[in-house]
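# Coordinate analysis (summary)
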Amino acid sequence: MKVNSYAKINLSLDVLGLREDGYHNIDTVMNLIDLHDIMDINRNSTYELNLSSNNPDFPTDKTNLICKLFENLKKFREINCGYDVFVDKQIPISAGLAGGSSNACEFLMYVNDDLSLNLSDQEIKEICRLTGADTFYFTNKKCVRAKGIGNEFVRLSDFSNKNIIIVNNGMSISSKDVYDNLKESNGGLGKVSVAIDSRDYETFYREAFNTMESVSEKLVEEISIIKEQLYELGANLALMSGSGPTVFGIFENYNDFENCYNKLKDKYKYVFKTKTL
């Protein structure tokens, strides 16, 4: 069975502080984009989870969030089978687009239906919490303001069909390294979320920020260069997603959108034309 597993971008992100459980409290606005992996999931009788991918950098051991989620699921239900999962990987790995979290959540949703587990919303939320901070978002698939570890949602107005250029130079950044070196937060996303909810995009483009940029730009200097190029090519907003190094540009003008893609597509390892969902 083939399942699409979509990436997300952080339209804004503030990190508020470290929690006792080791996670950080965040305040973020997230939205899906049409960039996606294709997962081929098939039940087997070996009781084992077998992962494979077209991408040699895709982890197939217990560090993969699909494996972690499968083990966490077994804490809630007895599972009397295994699965073969092939991931046609299009989302860059360790890039701030939550591809791994998306894969894990889509796998959970598939197994829940395939085995008629009838997991409650609270059980799904807890399984996702045990697996990874971003994972639960992919049960929602809307524009949301997320707090806590990113799993307490308030729905915002629709933000679909925005032209997005994704640029990633092929480097990876450790989220832990970024979190460990963050300074004080900007005080939350009140202005940003109100602007999006009221469709005041001029204010949103002006107020949007990602506090993690201050650290990630020092680790990968090209992040700031890519942002500058996106603005020079007509982006209304250029921002890093998550802990990076992926940068996205939002384009209201379609001609600028196409021109930007053509200018950058051969310049960086990953450049995608996509839209918000």
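Note that the structure is a prediction, hence the values are computed from the model and not measured.

## Observations regarding the overall build of the protein chain
Along the backbone of the protein chain there are nine helices and ten strands. Relative to the compact-globule value of 19 Å for 277 residues, the protein chain shows a C-alpha radius of gyration of 18 Å, a close match. Taken along the three principal axes of its C-alpha coordinates, the protein chain extends 55 × 40 × 35 Å. Summed over all atoms, the accessible surface of the protein chain reaches about 12,600 Å², with 44% contributed by carbon and sulfur. Between the mean site of the 31 positive side-chain charges and the mean site of the 40 negative ones, the protein chain shows a separation of 1 Å.

## Let's talk about the side chain of Asn103
Inspection of the secondary structure puts Asn103 in helix H2 (residues 99-114). With residues near it in sequence (within four places) discarded, Asn103 still touches Ser5, Asp37, Met39, Phe58, Ile66, Val87 and Lys89.

## Remarks on the UniProt feature "domain: GHMP kinase N-terminal" (unreviewed entry) in the protein chain
UniProt marks residues 64-132 with the feature "domain: GHMP kinase N-terminal" (unreviewed entry), using the numbering shown here. Secondary structure within residues 64-132 divides into 52% helix and 10% strand; the distance between the first and last C-alpha atoms comes to 11 Å.

## Considering the sheet that holds strand E9 (residues 247-251)
The sheet built from four strands is open, its strands ordered E8-E9-E7-E10 with antiparallel pairing. Where the open sheet ends on each side, the last strands, each with one partner, are strand E8 (237-240) and strand E10 (270-275). Going from strand to strand, the sheet's axes swing by 20° on average, the running direction of each strand aside. Bridge count between strand E7 (residues 163-168) and E9: five bridges; the pairing is antiparallel. The partner of Ile164 across the bridge, within E9, is Ile250. On the sheet, helix H8 (residues 222-232) packs against E7, E8 and E9 and is oriented at approximately 10° with respect to E9.

## What about helix H9 (residues 254-264)?
Residues of H9 that are buried include every one of Phe257, Cys260 and Leu264, and no others. Across the axial projection of H9, the buried residues extend over an arc of 65°, all falling on one side. Exposed side of H9, more than 90 degrees from the buried face: Asn255 and Lys263 are the residues found there. Buried residues belonging to H9 abut E7, H8, E9 and E10.

## A look at the packing of H2 against helix H3 (residues 121-131)
Relative orientation of the contacting elements H2 and H3 amounts to 145°, with a least axis distance of 11 Å. As H2 packs across H3, the resulting crossing turns out to be right-handed. Here Ala104, Leu108, Met109 and Asn112 of H2 lie close against H3, whose contacting residues are Ile124, Ile127, Cys128 and Thr131. Per-class residue counts for the contact of H2 with H3 are six nonpolar, two polar and no charged.

About the criteria used
Residues numbered from 1 in each chain as written. Predicted model: local features only at pLDDT ≥ 70, side-chain atom pairs only at ≥ 80, totals over all residues. Heavy atoms only, no water. Helix = DSSP H or I, 4+ residues; strand = E, 2+ residues; numbered from the N terminus. Rg over C-alpha atoms; globule rule 2.2 N^0.38 Å. Areas by Shrake-Rupley, 256 points an atom, 1.4 Å probe, with all protein chains shown as cover. Lys, Arg positive; Asp, Glu negative; His and termini not counted. Charge placed at Lys NZ, Arg CZ, Asp CG, Glu CD. Contact = heavy atoms within 4.5 Å. UniProt positions renumbered as here; feature names shortened; annotations may be inferred. Pairing = 2+ DSSP bridges. Axes fitted to C-alpha atoms, helices over the stretch in contact; angles between N-to-C directions. Buried < 20%, exposed > 50% of the residue type's maximum accessible area, 1.4 Å probe, protein only. Arc of directions from axis to C-beta. Left-handed = near helix turned anticlockwise from the far one by under 90°. Nonpolar A, V, L, I, M, F, W, Y, C, P; charged D, E, K, R; others polar.

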